[in-house]
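# Per-entry structural report
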Amino acid sequence: MENVIEVNKLEKVYGTQTALADVNFQVKKGETFGFLGPSGSGKTTTIKILTGQLRPTSGDAQVFGHSNSALNHQSYRQRIGVLTDNSGLYQRLSIYDNLKLYCDLYHVPVQRIGEVLQLVNLTDEKKKLVSKLSKGMLQRVLLARTLLHEPDLLFLDEPTSALDPANSKQIHEGLRRLNENGTTVFLTTHDMSEAETLCDRVAFLHKGKIKLLDEPKNLRRKYSDSTITLELKDGREIVLPGGSEGADVVYQYLSTNQVVSIHSNEPTLGDIFVDITGRELV
Ligand SMILES: Nc1ncnc2c1ncn2[C@@H]1O[C@H](COP(=O)(O)OP(=O)(O)OP(=O)(O)O)[C@@H](O)[C@H]1O
């Protein structure tokens, strides 16, 4: 499959602070790629390099075949969307009028407004003034604006941080619909459940280095201890080894009708991250 992003030996040093050290990864066309890491691990620096806002100290970041020196060109910018926390919305205008202004400015047909509002589930709210919106709605308007020019590649830096679960879910649904339409998404987050929900593959970044890169299900399988937990009707929980030894015991409890539930003990992405780096995600 075609690679949309190719990053080789990327390094970024700010003064004496190394933000990225020998970072290598590829993002395939149509995939949702999660760049995960705690605060200060280098996520924003990577997005800034990939969107042409920052030059790397060394190494190469290619997007759509353009090398990093060409990533601030207009032709590249038209193919990407970047969701940042910089709102730039007009408070006294409605959602619709804000989006229309953007359409006029960037020569996007106004019919597109209806499509993007539907994607972020704001069709019924389009006449509301931006000054009256909740944080979650505001974030959805910003996402809608990012999508107006139909970018092939979307960069999202912590899209749901500071949102409540209901609003995060709305954003996730919009992103899933986009992904179904073939948009490639590069997402940074420190929210591991968000990554599990949305990402085809994830990279774990720690202190500017990629520690792991794979599909979430492969990582969970790789780091699973293969044990099984049985919850019994008398309230006990029994942890059993996988394989035939555990299967025999499971069968005995099942055949005597004592079992409430059976779980395989797969780790979450958060567990794996802590295992690899020895620290919690914050
Ligand atoms: N302009 C800058 N000047 C100096 N150091 C910087 C600059 N920008 C970032 N850094 C440092 O580079 C490292 C990586 O920062 P970066 O913002 O990329 O991390 P992050 O993973 O996006 O963090 P967060 O989740 O808090 O946004 C940090 O140690 C940070 O202090």
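Residues numbered from 1 in each chain as written. Predicted model: local features only at pLDDT ≥ 70, side-chain atom pairs only at ≥ 80, totals over all residues.

## Topic: the domain arrangement of the chain
- Split into domains, the chain comes out as domain 1 (3-220) and domain 2 (225-265).
- One C-alpha centre belongs to domain 1, the other to domain 2; they are set 43 Å apart. (Domains from an automatic or database assignment.)

## Side note on the pairing of strand E9 (residues 209-214)
- As paired strands, strand E8 (residues 201-206) and E9 are joined by 5 bridges and run antiparallel to one another. Following the sheet pairing, His206 is matched in E9 by Lys209. (Pairing = 2+ DSSP bridges. Helix = DSSP H or I, 4+ residues; strand = E, 2+ residues; numbered from the N terminus.)

## Notes on the site of the ligand
- Taken together, Tyr14, Gln17, Ala19, Gly37, Ser39, Gly40, Ser41, Gly42, Lys43, Thr44 and Thr45 are the residues near the ligand.
- Where the shell around the ligand is concerned, the elements lending two or more residues are strand E2 (17-28) and helix H1 (43-50).
- At 3 residues, H1 tops the list of elements feeding residues into the shell around the ligand.
- Among the residues making up the shell around the ligand, the classes are represented as 2 nonpolar, 8 polar and 1 charged. (Near = placed C-beta within 6 Å. Nonpolar A, V, L, I, M, F, W, Y, C, P; charged D, E, K, R; others polar.)

## Structural notes on H1
- Taken across its 8 residues, H1 has 7 buried, putting it largely inside the fold.
- Where H1 is concerned, the buried positions are Lys43, Thr45, Thr46, Ile47, Lys48, Ile49 and Leu50.
- The positive-phi residue at the C-terminal boundary of H1 is Gly52, with phi of around 75 degrees. (Buried ≥ 20, exposed ≤ 12 C-beta atoms within 10 Å, placed from the backbone.)

## What about the sheet that holds strand E10 (residues 228-232)?
- Reading across the sheet, the 3 strands line up as E11-E10-E12 and stay open at both edges, with antiparallel pairing between neighbours. Because the sheet does not close on itself, it has two edges, and the strands there are strand E11 (237-240) and strand E12 (259-264). Neighbouring strand axes in the sheet, compared pairwise and without regard to direction, differ in orientation by 20 degrees on average.
- Looking at chain direction, E10 and E11 are connected through 4 bridges and run antiparallel. Bridged to Thr229 within E11 is Val239. (Axes fitted to C-alpha atoms, helices over the stretch in contact; angles between N-to-C directions.)

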